[in-house]
Amino acid sequence: MSARPARPLAAARALCAAAALALGFAPPASAHVGSPDTWFEGAAGPYPVRVVVRAPGVVPGLAEIDVRVLSGRPEHVTVQLYGWNVGARGAPAPDEAKRVPGDAQLWSVNLWFMESTSYGVHLGVSGPDGSGVAVIPVQTVATQRLAMTPGLAATLLALALFLVFGLVTVVGAAVRESSLPPGVEPDARQRGRARVAMAVAAVLLAAALYGGRNWWGSVDRGYVKGLYRPMHASASVADSAGARWVRFAIDDERLTGRRWSPLIPDHGKLMHLFLVNKTDMSTMAHLHPLLRDSTHFAAALPPLPAGAYDVYADIVHESGFAQTLTAAVVVPGDPPHAYTASDADDSWSETPAVRVTSASGASCPLADGGTMLWLGGAALSSGRADAQLRFRVLAPRGAPARLEPFLGMAAHAIVRNADGSVFAHLHPTGSVAMASEMALTMRTPADSIPGTLGRRLTAAGDGMSAMPDMNMGTAELPAEFGIPWGFPKPGRYRVWVQVRRAGSIETGAFDVDVTGGAEPGRGAQAANLPGR
Ligand SMILES: [Cu+2]
């Protein structure tokens, strides 16, 4: 007997149910709001790479993948799509990327994403320095319905009219004179029969067109129904036992009576909850709520200024599917309450933001007396894979700061635009959720039962030391770091950057005016997305 599961069908059914819940019911535009592209920085074996996957916004759709091999002598760059629950045998053959002329480091390839699901893009790089693979989590969801251009509609309509009238004419001619010897004129009876046949043909064609229109409409409605609709969530503030709590509930009616696909910890936390002051973005809190049950979370609320707040919750499913849920909450002004953090890594910031210019960058004073520099010189909007926001942190006396890992990362950036239609949580590794990368990398065929992979990831030291390139331990980090990202659309953004120095979390805040026209690329489509 083999050691396979005794009831593969049952396991498969459970898996499908989990997939339906993680994917079918909650397919967001990746782990972010209003920024559908995936940014990744990591290593494919000996080759450091920076990658951007431009989401097509429709499924099936063609994604554009730009790969920058930062050093080494690559000869081949390939990409291969693995569905989250499908191994190498279920993956299509790898596609070869081509060099982009005029840029020695840049490679590009277009890839079809056929389903709305969680994919691991396996990026292979090989050459005389050896070969290696990086796994980039990409979530494909349909976020838009492409409209037909007037030109195409007019052309199709003209062709259809030509075919309809042509067919009716052919039927009439066939009935009228197909059986006549050459040169003989049809008589009145034959003309009459032809008119009847043409009328019948016209009615049948009209019925076929009507049926076709209904079919077109139902396919269209089905597609629109399957479009991204964020899971409904709500947040509230409650005082209990002398402390103030912010509660977060995932209360979407689509979850009623269904099992919720298991969550896995990202940076060791099941949920990262961000509160941003709605009116002026002057306050940002980054909390890690405790799990009350599978859809209810609560965190001690820091003493934030009273006001209306936008709430963003980052979660990752076992399938590697990451999503950001949104809600809103009003923080009341009274009574003053005692605050004890419910999670040691919770933080909030009222740091006044400094304005960034693309030429000179900006310098933001930190609470510990040090400084965070936004390094100038980079474009504030970019369509290619070399976009990176760069920062340097200085200690109070101006020397490079000795940074420590904060939640397993050198830095965390939180980006929100002025109207709240864009929100992103980024790291030096890009926009991908670390937990997604781990889930897609560590998944084995034995993880087909919901919950198994989550337990294994949790057991692997809060998921922090499970992968070699993420295991920073307590090693000292460089004072300067880059965060690969491109702003998805023009406008005013605020960017908060969090690092840890001497045991405390320091937050820098920057205001950025992103102009349009700087090679908008596919990002221009994102501007049309319903962000939330
Ligand atoms: Cu983070």
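Since this is a predicted model, take the numbers as computed values, not measurements.

**Observations regarding the coordination of the copper ion**
Within the first shell, the copper ion binds the protein through His 412 (ND1), His 425 (NE2) and His 427 (NE2), at distances of 1.9 to 2.1 Å. Mapped onto the sequence, the donors of the copper ion take the spacing H-x12-H-x1-H. For the residue pair His 425 and His 427, the accessibility class agrees, reading buried in each case.

**Let's talk about the sheet that holds strand 16 (residues 307-316)**
One open sheet holds the 5 strands; their spatial order is 17-16-12-13-18, and the pairing between them is antiparallel. In this open sheet, the two edge strands, each paired with only one partner strand, are strand 17 (322-331) and strand 18 (347-349). Taken over all neighbouring pairs, the strand axes of this sheet differ in orientation by 15° on average, direction set aside. Note: strand 16 against strand 17, 10 bridges, orientation antiparallel. Note that in strand 17 the partner of Asp 310 across the bridge is Ala 328.

**Concerning the pairing of strand 27 (residues 491-501)**
In terms of burial, strand 27 is largely enclosed, as 9 of its 11 residues are buried. Inspection of the sheet shows strand 24 (residues 412-417) paired to strand 27 by 6 bridges, in the antiparallel sense. When the bridges of strand 27 are listed, Arg 416 appears paired with Arg 494. From the end of strand 27 to the start of strand 28 (residues 504-514), which pair antiparallel, there are 2 residues, and Ala 502 there has a positive phi angle of about 50°.

**Some remarks on the environment of His 425**
Within the element layout of this structure, His 425 appears in strand 25 (residues 423-426). A relative accessible area of 4% means that His 425 is categorised as buried. Distance in space between the C-alpha atoms of His 425 and Ala 413 is 5.7 Å, their sequence separation being 12 residues. In this structure the side chain of His 425 is engaged in a polar contact, spanning 2.9 Å, whose partner is the side chain of Asp 314. Of note is the side chain of His 425, whose polar atom sits 3.0 Å from the side chain of His 427.

**Some remarks on the pairing of strand 24**
Along strand 24, 6 of the 6 residues are buried, which leaves the element largely enclosed by surrounding structure. Side-chain alternation along strand 24 places His 412, Ile 414 and Arg 416 on one buried face and Ala 413, Val 415 and Asn 417 on a second face that is also buried. Where strand 24 meets strand 25, 4 bridges bridge the pair, whose relative direction is antiparallel. Along strand 25, the bridge assignment pairs Ala 413 with Leu 426. Between strand 24 and strand 25, which pair antiparallel in sequence order, lie 5 residues; one of them, Gly 420, sits at a positive phi of approximately 80°.

**Description of unusual backbone geometry**
We note that Met 281 has phi near 55°; this positive angle belongs to a residue other than glycine. Within the element layout of this structure, Met 281 appears in the loop between strand 12 (272-277) and strand 13 (284-287). In this structure, Leu 407 is a non-glycine residue whose phi angle is positive, near 50°. Secondary-structure assignment places Leu 407 in the loop between strand 23 (403-404) and strand 24.

**Remarks on the confidence of the model for the protein chain**
Considering every residue of the protein chain, the mean pLDDT works out to 80; 82% of them sit at 70 or more. Of the regions scoring below 50 in pLDDT, residues 1-31 engages in 60 contacts with residues more than four places distant in sequence or in other chains. Low pLDDT, under 50, characterises residues 518-532; the predicted model gives this stretch 32 contacts beyond four residues in sequence or across chains.

**Some thoughts on the packing of aromatic side chains**
Inspection of every chain in the model, using the stated rule, returns 10 aromatic pairs. Between the aromatic rings of Tyr 312 and Phe 423, the centroid separation amounts to 4.0 Å while the plane-to-plane angle is 5°, which identifies the pairing as stacked. Here Tyr 312 is found in strand 16, whereas its partner Phe 423 is found in strand 25, with 111 residues between them in sequence. By the burial criterion, Tyr 312 is buried, and Phe 423 matches it. Their ring planes at 75° and their centres at 5.2 Å tell us that Trp 485 and Phe 487 sit as a pair that is edge-to-face. You can call Trp 485 buried: its relative accessible area is 2%. A network of ring pairs unites the aromatic residues Trp 374, Phe 391, Phe 481 and Phe 510 as a single cluster.

**Observations regarding the pattern of salt bridges**
In total, this model carries 21 salt bridges according to the counting rule given. A salt bridge links Asp 345 to Lys 269, with the nearest nitrogen and oxygen atoms 3.0 Å apart. Remark: Lys 269 occurs in the loop between strand 11 (243-250) and strand 12 and Asp 345 occurs in the loop between strand 17 and strand 18; sequence separation between them is 76 residues. The exposure class assigned to Asp 345 is buried, which follows from its relative accessible area of 16%. The class of Lys 269 is buried, set by a relative accessible area of 13%. Residue Asp 511 pairs with Arg 492 through a salt bridge whose shortest N-O separation is 3.9 Å. Linking Asp 511 in strand 28 with Arg 492 in strand 27, this pair joins segments that are 19 residues apart in sequence. Residue class for Asp 511 comes out buried when judged on its relative accessible area of 9%. Classification of Arg 492 by relative accessible area gives partly exposed; the value is 31%. Among the charged side chains, a salt-bridge network with shared partners connects Arg 355, Arg 492, Arg 494, Asp 511 and Asp 513.

**Overview of the sheet that holds strand 8 (residues 118-127)**
Here we have 4 strands laid out as an open sheet, ordered 5-4-8-9, and antiparallel in their pairing. Looking at strand neighbours, the two that pair on one side only are strand 5 (95-96) and strand 9 (130-139), the edges of this open sheet. Where strand 4 (residues 76-83) and strand 5 come together, 2 bridges link them in antiparallel fashion. Counted as the bridge partner of Thr 78 is Glu 96 from strand 5.

**Brief notes about the nonpolar core**
Burial of nonpolar side chains together is a common tendency in soluble globular proteins. Grouped together as the largest cluster of nonpolar side chains are 33 residues, with contacts concentrated most on Trp 374, Phe 391, Phe 481, Phe 487, Val 497 and Phe 510. Put simply, the parts of the chain that give this core at least two residues each are strand 20 (362-365), strand 21 (371-374), strand 22 (388-394), strand 24, strand 25, strand 26 (480-484), strand 27 and strand 28. The leading source of residues in this core is strand 27, at 4 residues. With 26 residues, the next largest nonpolar core counts Leu 81, Ala 97, Val 125 and Ile 136 among its residues.

Criteria and thresholds
- Residues numbered from 1 in each chain as written.
- Predicted model: local features only at pLDDT ≥ 70, side-chain atom pairs only at ≥ 80, totals over all residues.
- Heavy atoms only, no water.
- Donors = N, O, S within 2.8 Å, 3.2 Å for Na, K, Ca; no water.
- Buried < 20%, exposed > 50% of the residue type's maximum accessible area, 1.4 Å probe, protein only.
- Pairing = 2+ DSSP bridges.
- Helix = DSSP H or I, 4+ residues; strand = E, 2+ residues; numbered from the N terminus.
- Axes fitted to C-alpha atoms, helices over the stretch in contact; angles between N-to-C directions.
- Polar contact = N/O pair within 3.5 Å; in protein donor to acceptor, adjacent residues only side chain to side chain.
- pLDDT = per-residue confidence, 0-100.
- Contact = heavy atoms within 4.5 Å.
- Phe/Tyr/Trp six-rings, centres within 6.5 Å; stacked < 30°, edge-to-face > 60°.
- Salt bridge = Lys/Arg side-chain N within 4 Å of Asp/Glu carboxyl O.
- Core = buried A, V, L, I, M, F, W, Y, C linked by side-chain atoms within 4.5 Å.

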